[in-house]
Structure formats: structure tokens, C-alpha cells
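Residue-level listing of the chains:
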Amino acid sequence: NSWKAIARYIDRSERTARRWEAEEGMPVHRHMHQSLASVYAYASEIDAWMARWESKSSPAPKLPVPAQDIEQGSIVVLPFDFVGSDAGDVYIADGFTDEIIADLAKVGSLRVISRTSSMQLRHSSLGLDDIAKKLNVEYVLEGSVRRHDDAIRVSARLLYHRADRQVWSEKFSGGVQDVFEIQERIAREVAAAMRLRLTASDESRLASRDITDWSVWLTAVKARQASSRWNREGIDQAVDLLQKALSSSGDIASLNAALGKTYLQYREAGFDLSNRPLLEAEQREKKAFAADPNGAGGYELRGWLNYSRGEIQQAVENLKAAAARQGSDPDTLGLLCNCYLISGQLPDARMLIPRIVSMDPLALPNQLLPAWADVLEGRHAKAIANYRMMLETEPDSPLFRLFLVWILSINGSVDEAVSVADGFSGDEFESLPAQVAQCFAAACRGKVPVINLSANDRELAVINDMYPRLIAQAYALAGDADKALDWLRLAVSRGFINYPYLNEHDPVLTSLKNDRGYSVLLDEVQRRWRQFEV
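Since the model is a prediction, treat every value here as computed from it, not as a measurement.

Asker: Is there a simple way to explain the overall build of the protein in this structure?
Answerer: In terms of regular secondary structure, the protein is built from 27 helices and 8 strands. A compact globule built from 534 residues should have a C-alpha radius of gyration of about 24 Å, and the protein, at 24 Å, falls within 12% of that. Over its C-alpha atoms, taken along the principal directions, the protein stretches across nearly 70 × 60 × 45 Å. Across the 534 residues in the protein, those meeting the buried criterion constitute 55%. Here the protein displays about 22900 Å² of accessible surface, and carbon together with sulfur accounts for 47% of that area. When the 62 positive and 73 negative side-chain charges of the protein are each reduced to one mean point, those points stand 4 Å apart.

And the structure:
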């Protein structure tokens, strides 16, 4: 938390530490407090940078995505209250909150708590100061939206929690078509009240907005809320709403990108595992780029499509391009980080993880990122606590139960692994996570796993690298090398090319190293891993 501490950590003088930051790209951050600035650094980022710099195999690394190397401030936007007689219009305030968060996130030097974490605070009993401390932010923005016919009124205030004082407040009035100007004004005035220095890129992103029609915006907001339910009805509704918005507005890039990502939800949720969602998303990708060849939405959708096809190298390229254009979006950065992890680029993943967790600290999957990175670096025992905490937090999650069974099994905690695997309820027992967990339980009991997947479950199992990799480990744990290799080849085809893990750190798959098939597969993984560009 100071130049002196950073210099001590790297065992160099303060002068050298400052020079390495200025000339070699060593990751050091600044946090502004009124007219004073303090520096700090994450040990994991310094470690990753030193490893890459000292190897001389590549130039001193830069952050995987541009900007945010100097943090000037941090803020959470609490869900705006809706004031009005029509309870059906509450979603307007949520949409307004989303847009303010998105606009503020366009400021590269500002850490903004994501929508996912912000919305969890809607009914929180915590006071503003406690919320700020919980999320480790300096500022809290809250407000309300009132609508009457075609008139809209917005009130907002900004609080600086460390001094326990209000630093800015304002009321905005206008017609419904003025909502976009009001959103941008709030973002700019908040940035000014926080004394942020906006770059030319910040200014450009803040001024960029492709939806300018009130009714189209309302439809898009409804679609976003429907898709967030992650059930078949919600995804169907979101598709219908976005198609309606596009039919009345023309081919707007962000709407096409949103529709493409919504189609991909059918696959991710297991509702439609055919090629149809991919083909529909590909059409929307083309339309998004046709409407805005340089827009973030097209690159983001293309990155998700690449990931869905197992094209991890291309996914990294497109997700980085999206992040450079849209500011810090935790969903984009989260997928980028996972791509780095499964492709064996741990230093780059380690640079991203603190940023993702700091932007979206209440999202449980993000809490697993440090533990997943620990596993891939061979620190399996260290990861158990995180996976146990996940299941304790959401005991009804079949996936979190599977994760705990897996990490316990590969750590040799066989009794606890079997006990946790027995915890699936009757309704969950036929689910894919439960079936994979039973494979580990069988291996822990010294039996050969038997997994008889339905056609639908098998399609679901191979949409990405996760299930094939886990099933391969279960078979390897039971000593069935042939089945382990069959599933591991599927994991590799879906993008898992983490050569250091497969060659050195995996406690069960490395038992296959004398197998000719495993050696041949390792050679392919090593080649792809060495050729991978971050």
C-alpha cells in the first residue's frame, strides 16, 4: 500500500520500483483521495508480472485489456426507487439503474460495482456506510425515478462514505424522450463530483448510444429482465421482445448483440442443444457488425460464439476488443479470464481476477475464480475452503455440490466426498451434475464409475470443457485410463489446453503419463499451449 512496501516486496529500491512501473509496465494502481493520491499493488499481479518479465520469453506484460491501470475512484449505484402509481412500471427504475452503471463503467479509471451485485442490495438492511465498506467503495449513488404519463423526474445524490457527507445531489425533469440525456448528465456530473479525469476514450464512450427511442429502450429493458430469470419462459419472452424492438427500430447493433447472446442462453441452460441457437446468434453477429463495425456488442457476441465453439484463441481476441470498447464489464472480463485459465495463461488470468471480484463481489461464481486458479497451479488443498463455502451459501445448487465432491475427491478426502455426493435430493439425482458427482463417489469407493447419459445430457456435457474434464478425472481416479482419455480428448477439443496442469499439477490425470495415448494427447496440448497468444 505504498512505494516503500512495493519496493520491499520486489526486493528493489523505491526508485527502481517507480521506474519499472513507468518504463516496464509493472502493475501499480493509484487511488485518489481529494487532492492526494496513494499507490497500491496486488501481490498476485506483481508475481505474475515478475514471472513473465524475468522469463525474457516475451516483453514485459501489459494488462490483458486496456485502461483501468490507474484507479481514481470507486462507486456503487444502488437500485433506484420507482415512485408512481403503476406498480408495473417498476422495471423502468431498474433499467435506469442499469444504464447509469453502464455509463459510469465507461470511465476507464473508475471501479463500478456491477449490476449483478448492486441489485442484490435492493432490500438490504445495511446502511449506506456499511454497504460502502462491504463493497470496498468510496462513493454511493442512490436515487429515484418518477413517471407520470409522458413526464419523468429523476432525483439522485452522491455520498462520500469516508467523510460521511453528501458531495452532490440534483433533480432532473423532462419528457420520456429526455431519459437518455438525463442518464448521461448524471454520469458526467457524478464523475465531476468525484474529480475524475476523463480521457478522450472515456468521452467517446460516454457520448456513444445507439438506442435513442424511449419505447425501444423500454422493450430492451423488459427483455434484459426476462432473460435474467434463466428459465425457458424468460428466454422465450426476451427473444420475442428483442425481435419486436428490432422490427420497430431497424438493425441496432446493441439489440442484435443482445438477441444473439439470448439465443446462446438456450444452449447454456440446456433448453436447446441443437445448432439452431448458434446459427441464430451468428446471424445476429453479422447484423451487429453491419450496423456498427467498430461496436463493442458485435465483438462481445463474437467472443461468446467463439467460446461456444471451443475456439478459445479467437474468443480471447474478440473479448479483449469488446472490453477495450465498452469499459469494464464483469461478464466480458469473466469469460476472458476463464479462457485464460483453461488455456494455461495463468499470469494473465491472475491479473484479471482481482478486478473482476472487486467489480462484482457478491456474485458467487466470481468467488470461485481465485480457488480455480489455485487448483490449476497445483494448490488443490487450498481451494477446498472456497468450494465448501459456495455450497454452504447455496446448498440447493447441484453444480456447487458437484464442485465440492470433485475438489474433495482429487484431494483424497474420500469419506467427505462420498457424504457430499449422497446429499443430492430425489429430484436432482438424475441431473447431469449429480451423475458426474456419483462417478467421483464410485471412484472414491474403489468402484469403476458407470455413467449412462441420455442423448440430451451428453449434448449438454460437451458444450464446453468442464464436464468432459471432470468425468475424465473421475475415470482416472478409478484407474480406467481408456475412458479417462476418451473424455479428456473431448475436453481438449472444447479448449482445455492447460499444459502445465495436465503435465504437472493434476493429481489424478498425471497418473496416466505412462500411457501412450496420454503422451500423444499431451504433445498436442503442449503445441497448442505454446502457440497461444494472449
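Asker: What am I meant to see in the side chain of Arg-111 here?
Answerer: Following the sequence through the fold, Arg-111 ends up in strand 5 (residues 110–112). In this structure the side chain of Arg-111 is engaged in a polar contact, spanning 2.4 Å, whose partner is the backbone oxygen of Asn-136. For Arg-111, the side chain forms a polar contact with the main-chain oxygen of Ser-358, separated by 3.2 Å.

Asker: What am I meant to see in the nonpolar core here?
Answerer: The tendency in soluble globular proteins is for nonpolar side chains to be buried as a group. One finds Leu-341, Tyr-387, Trp-406, Ile-407, Val-436, Leu-502 and Leu-509 to be the most contacted residues of the largest nonpolar core, which totals 94 residues. Considering each element in turn, this core owes the most residues, 9 residues, to helix 20 (residues 398–410). Contact partners of Ile-407, with chain neighbours within four places excluded, come to Val-375, His-380, Ala-383, Ile-384 and Tyr-387. Counting residues in each nonpolar core, the second largest holds 57 residues, with Ile-152, Leu-242, Leu-246 and Leu-255 among its members.

Asker: Please clarify how unusual backbone geometry should be interpreted in this entry.
Answerer: Backbone phi values are negative for most residues with the exception of glycine, while trans is the configuration of most peptide bonds. A positive phi angle is found at Asp-149, which is not glycine, with a value near 55°. If you trace the backbone, Asp-149 turns up in the loop between strand 6 (139–148) and strand 7 (151–160). Accessibility expressed as a relative area gives 58% for Asp-149, which makes it exposed. Unlike most non-glycine residues, Trp-230 shows phi in positive territory, near 60°. Relative to the helices and strands, Trp-230 is located in the loop between helix 9 (214–227) and helix 10 (232–249). We classify Trp-230 as partly exposed; its relative accessible area is 41%.

Asker: Would you explain the packing of helix 4 (residues 90–105) against helix 7 (residues 179–193) in this entry?
Answerer: Each packed pair of helices is defined by two parameters, the angle between the axes and the distance between the axes. Packing of helix 4 against helix 7 brings their axes to within 9 Å, and their N-to-C directions diverge by 45°. The orientation of helix 4 relative to helix 7 falls into the category oblique. Considering how the two elements wind past one another, helix 4 and helix 7 form a crossing that is right-handed. Residue-level inspection shows Phe-96, Glu-99, Ile-100, Asp-103 and Leu-104 of helix 4 in contact with helix 7, the latter providing Val-179, Ile-182, Gln-183, Glu-184, Ile-186, Ala-187 and Val-190. In terms of residue class, the contact of helix 4 with helix 7 is built from 8 nonpolar, 1 polar and 3 charged.

Asker: Mind showing me how you'd approach the pattern of salt bridges here?
Answerer: Close approach of charged atoms allows side chains of opposite charge to pair. In total, this model carries 32 salt bridges according to the counting rule given. Two residues, Lys-261 and Glu-300, come together in a salt bridge whose shortest N-O distance is 3.0 Å. Of the two residues, Lys-261 sits in helix 11 (residues 253–268) while Glu-300 sits in helix 13 (residues 296–308), which places them 39 residues apart along the sequence. The exposure class of Lys-261 is partly exposed, given its relative accessible area of 25%.

The rules behind each value
- Residues numbered from 1 in each chain as written.
- Predicted model: local features only at pLDDT ≥ 70, side-chain atom pairs only at ≥ 80, totals over all residues.
- Heavy atoms only, no water.
- Helix = DSSP H or I, 4+ residues; strand = E, 2+ residues; numbered from the N terminus.
- Rg over C-alpha atoms; globule rule 2.2 N^0.38 Å.
- Buried < 20%, exposed > 50% of the residue type's maximum accessible area, 1.4 Å probe, protein only.
- Areas by Shrake-Rupley, 256 points an atom, 1.4 Å probe, with all protein chains shown as cover.
- Lys, Arg positive; Asp, Glu negative; His and termini not counted.
- Charge placed at Lys NZ, Arg CZ, Asp CG, Glu CD.
- Polar contact = N/O pair within 3.5 Å; in protein donor to acceptor, adjacent residues only side chain to side chain.
- Core = buried A, V, L, I, M, F, W, Y, C linked by side-chain atoms within 4.5 Å.
- Contact = heavy atoms within 4.5 Å.
- Axes fitted to C-alpha atoms, helices over the stretch in contact; angles between N-to-C directions.
- Parallel < 35°, antiparallel > 145°, perpendicular 65-115°, else oblique.
- Left-handed = near helix turned anticlockwise from the far one by under 90°.
- Nonpolar A, V, L, I, M, F, W, Y, C, P; charged D, E, K, R; others polar.
- Salt bridge = Lys/Arg side-chain N within 4 Å of Asp/Glu carboxyl O.

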